[in-house]
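Understanding the architecture of this molecule
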Amino acid sequence: MGSEKGTIDPAVYRAILASMGDGIVFLDTEDCFAYINAAAEKIRGIRAENYLGSHILSIFGTHSNHTSERVRKLLAALRSGVLPFHVHVIETRGRIFENSYYPIRDKGGNYLGTLMMSRDITEKERLKAENLTLREQVLSEFGCCDLVGSSDVMRPIFQIINAAAAVDSTILITGESGTGKELVARAVHQHSARKDLPMIKVNCAALPDTLLESELFGHEKGAFTGAIKERKGKFEQAHGGTIFLDEIAEMPLAAQAKLLRVLQERTVERLGSTREIRVDVRIIAATNRDLRREVTAGRFREDLFYRLNVIPIHIPPLRERTEDILALARQFLNRFAEKMHKPVMEIAPEAQKALLEYNYPGNVRELENAVERAVALSLGSNLRLGDLPSEFTAPRPAGAQPLSQPASPASLADSVHSMEKNAIEEALRSTGNKKGDAARLLGISRKTLWEKMKQLGVT
């Protein structure tokens, strides 16, 4: 102990650092090694005496220019204050370490050096992997990593998927945009006898009417201008497997008639040919519209509707399955943290509260995008409220309806469609009906704008 009351001899601090189980390395103001404790020697497989006084970039040699440049930029950002700290997970010699970098400053804010701490998180990662596996087994027996849900409304859907996978009956999946209709289709395919053969997806809203029939049924050489050689359609490509017809309500009536014949005869006829080609495909269709209403309006064939609606599966919006929100958020968090090489993260309580209270007009897809953004912007080991998009943190209007008593799904969907239509019409007016400029103004692609205009009836 020092001579003055309340002071500690610097030797005590050195003894504390030396005895720590975490690896401690300190770089001075010139980025040279000034201190390396015993744990750091063991973790990094080095001897301190060989490195003390050496510049950190000298350990990379001339064959690691990329790593050397990355470390140089990192240290410069820490020194300047642009980066308050940095965490990086690495795997070496069969162990996983979380390396944390902190700039050290005196009371006046002057830079004194950089502290690097290495913590062995191998056991933590192993337990995380085991918990993830167990959760997936509990939540879904299908092993489809993105299809998660333990809520009362999702359990019957898993049972239907399990039963439907064992047969070849046609399936019609309905639900709002972003609810995961394609994931359901993939779960059915992956657990069917056709799983080793292709699942071909066709977005009926993404193709002009003039190309949709050629895309689905193929064409012969010379069938139309530009048909310089014969081409197999999606039904032929999916032979033996599954074809997924997304946004089926957007299919024009002429193509609907041909699709009905495929369902009845199990044959296709290429454009420009009279030859019938037999196909063995499992058909799964999906839509975010009410097909019964489309039939009444004359936009969808009634006989085709009944041919498709053999096994109906309706996916509820996320606001009706709030019990699944945090499980989905953690799944997305783990995926993006691994993809972005971020440390294992937890969701702070205030962020959990915001996630649970949000109404999700974009459903699961909106939640996924929000978590991806949060992981990308987060600087710590916790996903905080401030990392979420602004709409999650904005104050809710007075009298807003709680999630436990959600508004009518139909009325909410109508409201969203109305808002989208008004925004598109206003953008077109302000740009003189120039679709490219309108798309940029709305922050979407020209293709997405075209699809939205078609879907919402904007002329």
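The structure this text deals with has already been given above.
These notes cover the structure that comes with them. (Residues numbered from 1 in each chain as written. Predicted model: local features only at pLDDT ≥ 70, side-chain atom pairs only at ≥ 80, totals over all residues. Heavy atoms only, no water.)

This part is about the packing of helix 12 (residues 325-339) against helix 13 (residues 349-357). Viewed as axis vectors pointing N to C, helix 12 and helix 13 meet at an angle of 120°, and their least axial separation amounts to 10 Å. Looking at the two axes, helix 12 sits oblique to helix 13. Seen from above, helix 12 lies across helix 13 with right-handed handedness. In this structure, helix 12 contributes Ile325, Leu326, Ala329 and Arg330 to the contact, and helix 13 contributes Gln352, Leu355 and Leu356. Partitioned by chemical class, the residues of the contact of helix 12 with helix 13 number five nonpolar, one polar and one charged. (Axes fitted to C-alpha atoms, helices over the stretch in contact; angles between N-to-C directions. Helix = DSSP H or I, 4+ residues; strand = E, 2+ residues; numbered from the N terminus. Parallel < 35°, antiparallel > 145°, perpendicular 65-115°, else oblique. Left-handed = near helix turned anticlockwise from the far one by under 90°. Contact = heavy atoms within 4.5 Å. Nonpolar A, V, L, I, M, F, W, Y, C, P; charged D, E, K, R; others polar.)

Bringing the pairing of strand 12 (residues 311-314) into the picture now. Both faces of the sheet carry side chains from a regular strand, because those side chains alternate between them. The two faces of strand 12 differ: Ile311 and Ile313 on one face are buried, but Pro312 and His314 on the other face are not. Strand direction decides the pairing type here: strand 6 (residues 171-174) and strand 12, joined by four bridges, are parallel. The residue of strand 12 that forms the bridge with threonine 174 is histidine 314. (Buried < 20%, exposed > 50% of the residue type's maximum accessible area, 1.4 Å probe, protein only. Pairing = 2+ DSSP bridges.)

Pairing geometry for strand 6 and strand 11 (residues 282-287), over four bridges, is parallel. When the bridges of strand 11 are listed, isoleucine 171 appears paired with isoleucine 284.

Looking now at helix 12. In a regular helix each residue adds 1.5 Å, so 15 residues correspond to 21 Å; helix 12 covers 21 Å between its end C-alpha atoms and thus fits that length. Judged by how many residues are buried, helix 12 sits mostly within the fold: eleven of 15 residues are covered. Within helix 12, the full set of buried residues consists of Ile325, Leu326, Ala327, Leu328, Ala329, Gln331, Phe332, Leu333, Asn334, Phe336 and Ala337. (Expected span 1.5 Å × (residues − 1).)

Another aspect to go through is the pattern of salt bridges. Here the structure, examined in full by the defined rule, presents 29 salt bridges. Among the salt bridges present, the one from glutamate 182 reaches arginine 186, with a minimum N-O distance of 3.1 Å. Of the two residues, glutamate 182 and arginine 186 both sit in helix 6 (residues 181-190), four residues apart, roughly one turn of that helix. Taking relative accessible area as the criterion, arginine 186 reaches 30% and is therefore assigned partly exposed. Between arginine 275 and glutamate 220 there is a salt bridge, and its shortest N-O distance comes to 3.9 Å. Note that arginine 275 is positioned in the loop between strand 9 (267-269) and strand 10 (276-278) and glutamate 220 in the loop between helix 7 (209-217) and helix 8 (234-237), a separation of 55 residues in sequence. (Salt bridge = Lys/Arg side-chain N within 4 Å of Asp/Glu carboxyl O.)

Attention now goes to the packing of aromatic side chains. Going through the model one piece at a time under the given rule, you end up with seven aromatic pairs. Chaining the aromatic ring pairs together yields one cluster made of Tyr358, Tyr360 and Phe392. (Phe/Tyr/Trp six-rings, centres within 6.5 Å; stacked < 30°, edge-to-face > 60°.)

A surface patch of nonpolar side chains, amounting to about 350 Å² of accessible area, comprises Ile8, Val12, Tyr13 and Ile16. Along the chain, isoleucine 16 turns up in helix 1 (residues 10-19). Relative accessible area serves as the criterion here: at 46%, isoleucine 16 is assigned to the partly exposed category. (Patch = residues over 30% accessible without salt bridge, like charges linked within 9 Å, V, L, I, M, F, W, Y side chains within 5 Å. Areas by Shrake-Rupley, 256 points an atom, 1.4 Å probe, with all protein chains shown as cover.)

Strand order in this open sheet of five strands is 7-8-11-6-12, and the pairing throughout is parallel. Both edges of this open sheet fall to strand 7 (199-203) and strand 12, since each of them pairs with a single strand only. On average, each strand axis in the sheet is inclined to that of its neighbour by 20°, with strand direction left out of account.

Grouped together as the largest cluster of nonpolar side chains are 32 residues, with contacts concentrated most on Phe235, Leu245, Ile248, Leu259 and Ile283. Of all the secondary structure elements, the ones that give two or more residues to this core are strand 7, helix 7, strand 8 (242-246), helix 9 (253-265), strand 11, helix 10 (291-296) and helix 11 (302-308). Broken down by element, this core gets its largest block of residues, five residues, from helix 9. Core analysis: the second largest hydrophobic core is formed by 26 residues, Leu333, Leu367, Val371 and Ala374 among them. (Core = buried A, V, L, I, M, F, W, Y, C linked by side-chain atoms within 4.5 Å.)

Among the structural elements, threonine 174 can be located in strand 6. By relative accessible area, which is 21% here, threonine 174 ends up partly exposed. A C-alpha to C-alpha distance of 8.6 Å links threonine 174 and alanine 285, two positions 111 residues apart in sequence. Discounting chain neighbours no more than four positions away, the residues touching threonine 174 are Lys181, Thr287, Ile313, His314 and Ile315.

This next bit is on the packing of helix 12 against helix 14 (residues 363-377). Their axes nearest at 9 Å, the elements helix 12 and helix 14 cross at an angle of 45°. Compared by their axis directions, helix 12 and helix 14 come out oblique. Like other packed secondary-structure pairs, helix 12 and helix 14 cross with a definite hand, here right-handed. Every residue of helix 14 that contacts helix 12 at Ile325, Leu328, Ala329, Phe332, Leu333, Arg335, Phe336 and Ala337 is listed here: Val364, Leu367, Glu368, Val371, Glu372 and Val375.

This next bit is on the sheet that holds strand 4 (residues 95-105). An order of 2-1-5-4-3 is seen for the five strands of this open sheet, with the pairing classed as antiparallel. Of all strands in the sheet, those with a lone pairing partner are strand 2 (33-36) and strand 3 (86-92), marking the two edges. Averaged over all adjacent pairs, the angle separating strand axes in this sheet is 20°, with direction ignored. Sheet topology places strand 4 next to strand 5 (residues 111-120); nine bridges connect them, and they run antiparallel. Of the residues in strand 5, the one forming a bridge with asparagine 99 is serine 118. Docked against the sheet, helix 3 (residues 65-80) engages strand 1 (23-27), strand 3, strand 4 and strand 5, running at close to 40° with respect to strand 4.

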